[in-house]
Structure formats: structure tokens, C-alpha cells
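Listed below, chain by chain, are the residues.
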Amino acid sequence: MTAPSFPPLFSGLAVEGQIDPFDKACVEAARGCDAGLVVYNLGANTLQAAIVFAPDVVLADAMAMLPLCGVGFQNALGALAPPEVAVHLDWDGGLRINGASCGALQVAASSADPAAEPDWLVVGVHLPLWPESDDPGETPDRTTLYAEGCADVSADALLESWVKHTLVGINTWLDVGVEPLHKDWRSLAHGIGEDMQMHGHAGTYLGVDAQFGMLIRDAQTTHLIPLTTVLEDR
């Protein structure tokens, strides 16, 4: 496997073994690394990677990087996988391939204050490539990339494609604003219109607000769950 190639202003940092690229990226970001660092671990059974961002907007707006990276992942896999492979996105970062859960995105930032401008923000992806069991019927709600007809998609090519498509999304976000991202994300969102529970609220998932906060309607009112609630503590 060759080392992935990234666009200008992005740099790669490979880690191996049990090192989690998301944890490593958060450490490097806290140390003051440049934005655009891509930390990755291309194991035999999983693809793990994380991108360091340096937002110049408040955290509530910078959280758009989570859905943006999700759309970037869908575009990346769509460019490499057979056309019948469908990718959808959970609000909190979960990835779904052909309807089943298949890995997730995660996000952390230097601050959890929605009104403060964070020094850094990291979005990571964890994608299982091969099933843990020879019997996929044991976990019908979960799948892996190669179990869904994507055996010809190499981990390094998918990582390169993810970064490239995410960069396209960033440039559009900077040039045009968040509206195109809302349109693209909503077309991929899983569960809108369905009943669900999220962060102590149960009701119908109506969609999201301008800052991608989840809107859940119960019998009495509509609740707003800010996207910052999915931040991981680092």
C-alpha cells in the first residue's frame, strides 16, 4: 500500500498499531500543528483517519465541519464504489451503507462553548472494512465496507478521496455559505420524519436548524438539540 497523496495545504501523518488517529490529531492540534494535518491508520480491518481544522468562526458555526465531512465521505465513496451502494448519514455522525450502520464520524474541539471561536477542531472517521464474524446474520443492523460490494475500494484511495471531496466542500462553504451544505446533507440524512430518541428527548425527527441542531417534536413542543452536544471530551 502506497502512502496516500493529499491536496496542497494538507499533510499526512501515518500512525500504526493501537494508536487512534483521532486521539493523535487532537494531541497534535493542542500542540499547535497546522490546520490540514491528516492523521491516519490504515489497518487490515479498519480505516481510521482524522483531519485538523482551524476555524475562524464560533464553534456553533464551525460544527458544520461534521456534516461537511459526512457529505465528503459520501461523495468519496460514491466516486469509487459500485453505483448501487447507498450511503446515508446519521445526525450525530454515524455512517450507514445500504441502510446498515458502518462506522462513524466523531468530532472534538479546543472549547465546548458554542459562542467562542475554537483554536482547533478535529473530525475523525472510523470505518470497518471486514466483518468480525463469518456470519453477517449475527449483526444485521451493522455492516462493513467490503461486505457491501466494495472490495475493490482500497483504504488509501478512499482516504485520499475523502480529503479531496471534503476540501471541495470547505471551499464551497467559504465561498457561498452553509446553504449548499444543508441541501446536500439533507438528501443524505437518515431518519428524518421518523420517531427517535436523542439526548433525553423522544419524538419525531423533523430535520435541523441553520446550525445543524436537531429538531425533535413531541406531543407538546419542538426541542432543539445543538450539534455541539455530540462533541467528544478531549
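Residues numbered from 1 in each chain as written. Predicted model: local features only at pLDDT ≥ 70, side-chain atom pairs only at ≥ 80, totals over all residues. Heavy atoms only, no water.

Points about the pattern of salt bridges
Applying the stated criterion to the full structure yields three salt bridges. Across the salt bridge formed by Glu28 and Lys24, the nearest N and O atoms sit 3.1 Å from each other. One end of the pair, Glu28, and the other, Lys24, are both in helix α1 (residues 21-31), four residues apart, so they sit about a helical turn from each other. Classification of Lys24 by relative accessible area gives partly exposed; the value is 27%. Glu28 is the salt-bridge partner of Arg31, the closest N and O atoms lying 3.2 Å from each other. Placement of both Arg31 and Glu28 in helix α1 is noted, with a separation of three residues, approximately one turn of the helix. (Salt bridge = Lys/Arg side-chain N within 4 Å of Asp/Glu carboxyl O. Helix = DSSP H or I, 4+ residues; strand = E, 2+ residues; numbered from the N terminus. Buried < 20%, exposed > 50% of the residue type's maximum accessible area, 1.4 Å probe, protein only.)

Digging into the packing of helix α3 (residues 65-80) against helix α5 (residues 179-188)
Put simply, α3 and α5 touch, their axes get as near as 10 Å, and they point 60° apart. As α3 packs across α5, the resulting crossing turns out to be left-handed. For the pair α3 and α5, the contacting residues are Pro67, Leu68, Val71 and Gln74 in the first and Leu181, Asp184, Trp185 and Leu188 in the second. Here the residues of the contact of α3 with α5 sort into six nonpolar, one polar and one charged. (Axes fitted to C-alpha atoms, helices over the stretch in contact; angles between N-to-C directions. Left-handed = near helix turned anticlockwise from the far one by under 90°. Contact = heavy atoms within 4.5 Å. Nonpolar A, V, L, I, M, F, W, Y, C, P; charged D, E, K, R; others polar.)

Thoughts on the sheet that holds strand β8 (residues 195-198)
Reading across the sheet, the four strands line up as β8-β9-β10-β11 and stay open at both edges, with antiparallel pairing between neighbours. Of all strands in the sheet, those with a lone pairing partner are β8 and β11 (222-225), marking the two edges. If you compare each strand with its neighbour and ignore which way they point, the axes differ by 50° on average. (Pairing = 2+ DSSP bridges.)

So, the packing of aromatic side chains
Following the criterion strictly, the structure yields three aromatic pairs and no others. Between Trp130 and Tyr146 the ring centres are 5.0 Å apart and the planes differ by 70°, which places this aromatic pair in the edge-to-face class. In this pair, Trp130 sits in the loop between β7 (121-128) and α4 (155-176) while Tyr146 sits in the loop between β7 and α4, placing the two residues 16 residues apart along the sequence. You can call Trp130 partly exposed: its relative accessible area is 44%. Looking at Tyr146, the relative accessible area reads 14%, which means it is buried. Taken together, a centroid distance of 5.7 Å and an interplanar angle of 85° make the contact between Trp185 and Phe212 edge-to-face. Of the two residues, Trp185 is situated in helix α5 and Phe212 in the loop between β9 (201-208) and β10 (214-217); the sequence distance between them amounts to 27 residues. (Phe/Tyr/Trp six-rings, centres within 6.5 Å; stacked < 30°, edge-to-face > 60°.)

Some remarks on the packing of α3 against α4
Running from N to C, α3 and α4 cross one another at 130°; their axes reach a closest spacing of 7 Å. Put simply, α3 runs oblique to α4. The interaxial crossing formed by α3 with α4 has right-handed handedness. Of α4, the residues touching α3 (which contributes Met65, Leu68, Cys69, Gly72, Phe73, Asn75, Ala76, Leu77, Ala79 and Leu80) are Ala157, Leu158, Ser161, Trp162, His165, Thr166, Gly169, Ile170 and Trp173. (Parallel < 35°, antiparallel > 145°, perpendicular 65-115°, else oblique.)

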